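# Chain and residue survey
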Amino acid sequence: MAIVEHSLPRSAGRQWTGVLVTVASRLAQMALTLLAASFLIFTALQLAPGNPVEIMLGSKAGDPEAVRRLNAQYHFDQPLLVQYGHWLTGLLHGNLGTSFVFRENVSSLIAARIPTTALLVVYGGLLVLVIGFALGLVSARAGRTADTGISVLLSAALAAPTYVIAIVLITFFSLYLNWFPVFGSGDGLLGRLHHLTLPAVTLALSSSAAIARVTRAAVKDEERRDHVTTALARGLDPRTVLRRHVIRNALLPITTIAGIVTAGLIGGTVIVENAFGLDGVGSLLVQAITRKDYAVVQSTSILVITAFLLVNAFVDLLYGVIDPRTRKGGTP
């Protein structure tokens, strides 16, 4: 009895140690990924054609003294690694620099646009999960005709480019039916939701198709399992069997694709925000790239990559909730 009493705390201690090691490993991987990504982006910006000093000076670009002063101010007259070191040091101290184009602190510039992008991603993500799961479940349990029809729609949604979907939705729902506004983010929560509905649907359509396909395959696979057949043969309520045995076991592959798709929505905001004239981080990134606004491009890119990594880490945590076996290295 004493052996059991002493072994429990040790077992709990080993579990917590494993959790801490896993978290530390994940944080280290994220840090290395961000460091490598930031350097690649910084290098690509430096090698891209165009001179930000000429863009800033405009008609005064021919003034050698003005050019020298700006090159010294933004460290453009120093080697690439030195410039990157200055930027990285500022980042670690919470200083993202000043926008060349907007003449504003980059932190303030991005902070003002995060709410629009965050609400768009959350709105689109909810649509993806609801529409994708519902279509996949209906397709898996419907007859052949309905299954074929849904599969055709899903294939069309997957094949259509995002900007084409945006044009179709704007033409039909904004210009023809006049149900939704074409541009802007709106005011207040209801106003913002109204303005972001078409962008969120645009963002969600192709991703919903991916979720639906995985859901359909996972549900059909689970329905063929022996324990499901046995449960139905014992006279259990089919809805209970569907909920407890089919859907629950199918959630792991669905969660996997949902995490990938949701993280992908963050990158998709770049196209959608520009198509609908939204004042989000994605549209800011495009403006900064076209004008070679180094500080803004670097900071917004790192923000997008960080959000992508955090979503993937959150999905990994969900694995342990959905299937406790994943917390024990796959042991039953």
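Residues numbered from 1 in each chain as written. Predicted model: local features only at pLDDT ≥ 70, side-chain atom pairs only at ≥ 80, totals over all residues. Heavy atoms only, no water.

### Notes on the overall build of the chain
Within the chain, the secondary structure is distributed over 13 helices and zero strands. Taken from N to C terminus, the helices and strands of the chain fall in the order α-α-α-α-α-α-α-α-α-α-α-α-α. In the chain, which comprises 332 residues, the share counted as buried stands at 35%. Taking the contacts inside the chain whose residues are at least 6 apart along the sequence as the reference set, 72% of them involve residues at least 24 apart. Taken as a whole, the chain presents about 18,900 Å² of accessible surface, with 67% of it coming from carbon and sulfur. (Helix = DSSP H or I, 4+ residues; strand = E, 2+ residues; numbered from the N terminus. Buried < 20%, exposed > 50% of the residue type's maximum accessible area, 1.4 Å probe, protein only. Contact = heavy atoms within 4.5 Å. Areas by Shrake-Rupley, 256 points an atom, 1.4 Å probe, with all protein chains shown as cover.)

### Observations regarding the side chain of Thr117
By the secondary structure assignment, Thr117 is in helix H6 (residues 114-141). Here Thr117 falls in the buried class, since its relative accessible area comes to 10%. A distance of 2.7 Å separates a polar atom in the side chain of Thr117 from the backbone nitrogen of Val281. (Polar contact = N/O pair within 3.5 Å; in protein donor to acceptor, adjacent residues only side chain to side chain.)

### Here we look at empty space enclosed by the protein
Overall, the coordinates contain one cavity of 30 Å³ or more when judged by the stated rule. As a volume, the largest cavity reaches approximately 30 Å³. For the largest cavity, the full set of lining residues is Ile266, Thr269, Val270, Val281, Gly282, Leu285 and Val304. Breaking the lining of the largest cavity down by element, the ones donating at least two residues are helix H11 (238-275) and helix H12 (281-290). Tallied by class, residues from the lining of the largest cavity come to five nonpolar, two polar and no charged. (1 Å grid on protein atoms, 1.4 Å probe; cavity = no way out; pocket = protein on both sides within 12 Å on 5 of 7 lines; lining within 4 Å. Points joined across faces, edges and corners; volume = space filled by probe spheres on them. Nonpolar A, V, L, I, M, F, W, Y, C, P; charged D, E, K, R; others polar.)

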